[in-house]
Amino acid sequence: MSDVVINHATVRERADMLAFLDLCAQRGLTEVSIWGNEIDRVGEEAALAALARHDMRVAGYNRIGPFTADGLSRAEAELARAARFGADHVFVFTGGLARRGETLAEARDRAEAVIADLLDMARAAGVTLALEPLHPMLMGDRTMIASLTHANDLCDRLGAGIGVVIDVHHLWWDDRLPAEIARAGRAGRILGFHVNDWLVPTRHLLTDRGMMGDGVIDLPGIAAMMRAAGYNGPVEVEIFSADWWARDPGEVMDTALARCARIFGAGRGA
Ligand code: ZN
């Protein structure tokens, strides 16, 4: 694990995409993860030009979803845009139970059917889909996939062109994690490794993630599982945090890079 990717969400409140790319380039980073709504803010042409100027690649493109009753009207356009940005993978965001009266089992079946349709479109567009299981407390309104077991099962059923991203915030608690990371590694489907930390107490499920090293997750332990599974891609810093959003974006990135060097042996500072 030699490289570090910063996900734009980590500094989005005080750095638009162009400022973010400048900050990454100043720190010698060569790969970033980006968001469609942030591209809209600065304009696609300017975003593509900045990436080219910095000779920077896109790891993850966020995102397709949430799935709604009227299906995937924007999906084709989003997939085409992810392809224009050369994204390594595109996140699938299912959303939670959409319809009143829908059972969890029905919602899971619906999600799988939509992902299967999406996968056909993604294959045609030449982009890879990423399933990122979210924390089970987000099942009500944000996801239908809350374990790596479920994500691996879906990938087994759906075939080529889809993989998983492992985010420590969402999966650190799971006693099946070592076995499921190994399973994903054997299948050659690990697309990314998102790092942050679980604070105690966690005051908000969406906006109180910790900086690596400030919480209770066994980060070296999970990194060892990833290496044992054959993953040698980048460590991606993704911190949704009102506390860190309030700070200077460059300072946030420098702190994150120092922690990645210390905890994961990743990046230039390692
Ligand atoms: Zn993530």
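A brief structural summary. (Residues numbered from 1 in each chain as written. Predicted model: local features only at pLDDT ≥ 70, side-chain atom pairs only at ≥ 80, totals over all residues. Heavy atoms only, no water.)

**Looking at the overall build of the protein chain**
In terms of helices and strands, the protein chain carries eleven helices and eight strands. For 270 residues, the compact-globule estimate of 2.2 N^0.38 gives 18 Å, and the C-alpha radius of gyration of the protein chain, at 18 Å, lies within 12% of that figure. The dimensions of the protein chain, computed from C-alpha atoms along their principal axes, are 45 × 45 × 35 Å. In the protein chain, which comprises 270 residues, the proportion classed as buried is 55%. (Helix = DSSP H or I, 4+ residues; strand = E, 2+ residues; numbered from the N terminus. Rg over C-alpha atoms; globule rule 2.2 N^0.38 Å. Buried < 20%, exposed > 50% of the residue type's maximum accessible area, 1.4 Å probe, protein only.)

**Brief notes about the side chain of asparagine 152**
Its place among the elements puts asparagine 152 in helix H6 (residues 148-158). Residues in contact with asparagine 152, not counting those within four places in the same chain, are Val164, Glu180, Arg183, Ala184 and Arg189. (Contact = heavy atoms within 4.5 Å.)

**Remarks on the sheet that holds strand E5 (residues 129-131)**
Read around the closed barrel, eight strands run E1-E2-E3-E4-E5-E6-E7-E8, paired in parallel fashion. The mean angle between the axes of side-by-side strands here comes to 30°, regardless of whether they run parallel or antiparallel. Where strand E4 (residues 89-92) lies against E5, three bridges are found, and the strand directions are parallel. By the bridge assignment, phenylalanine 91 is partnered in E5 with alanine 130. Contacting strand E1 (4-7) and strand E2 (31-35), helix H1 (residues 17-26) runs over the sheet at an angle of about 165° to E2. (Pairing = 2+ DSSP bridges. Axes fitted to C-alpha atoms, helices over the stretch in contact; angles between N-to-C directions.)

**As for the coordination of the zinc ion**
In this structure, Glu132 (OE), Asp167 (OD), His194 (ND1) and Glu238 (OE) serve as the protein donors to the zinc ion, at separations of 1.9 to 2.2 Å. Geometry at the zinc ion is irregular, judged from the four donor atoms that bind it and their angles of 87 to 166° at the metal. When the donor residues of the zinc ion are listed from N- to C-terminus, their spacing reads E-x34-D-x26-H-x43-E. Remark: glutamate 238 occurs in the loop between strand E8 (235-237) and helix H10 (242-245) and histidine 194 occurs in strand E7 (residues 190-195); sequence separation between them is 44 residues. The residues histidine 194 and glutamate 238 share a single accessibility class, namely buried. (Donors = N, O, S within 2.8 Å, 3.2 Å for Na, K, Ca; no water. Tetrahedral: all angles 85-135°; square planar, octahedral: opposite > 155°, others 65-115°.)

**Thoughts on the pattern of salt bridges**
Pairs may arise between side chains of opposite charge once their charged atoms sit close together. Evaluation of the coordinates by the stated rule reveals 22 salt bridges. Between arginine 183 and glutamate 180 there is a salt bridge, with its nearest N and O atoms 3.0 Å apart. Of the two residues, arginine 183 and glutamate 180 both sit in helix H8 (residues 177-186), three residues apart, roughly one turn of that helix. Here arginine 183 falls in the buried class, since its relative accessible area comes to 18%. (Salt bridge = Lys/Arg side-chain N within 4 Å of Asp/Glu carboxyl O.)

**Re the packing of aromatic side chains**
For the structure shown, the criterion picks out four aromatic pairs. Between the aromatic rings of tryptophan 35 and phenylalanine 240, the centroid separation amounts to 6.1 Å while the plane-to-plane angle is 85°, which identifies the pairing as edge-to-face. Taken together, the residues span a long stretch of sequence, with tryptophan 35 in strand E2 and phenylalanine 240 in the loop between E8 and H10 at a distance of 205 residues. Judged by its relative accessible area of 12%, phenylalanine 240 is buried. An aromatic cluster is defined as three or more aromatic residues linked by ring pairs; in this entry it consists of Trp35, Phe240 and Trp245. Lying across the ring of phenylalanine 93, arginine 63 places its NZ or CZ 3.8 Å from the centre. (Phe/Tyr/Trp six-rings, centres within 6.5 Å; stacked < 30°, edge-to-face > 60°. Lys NZ or Arg CZ within 6 Å of the ring centre and 35° of its normal.)

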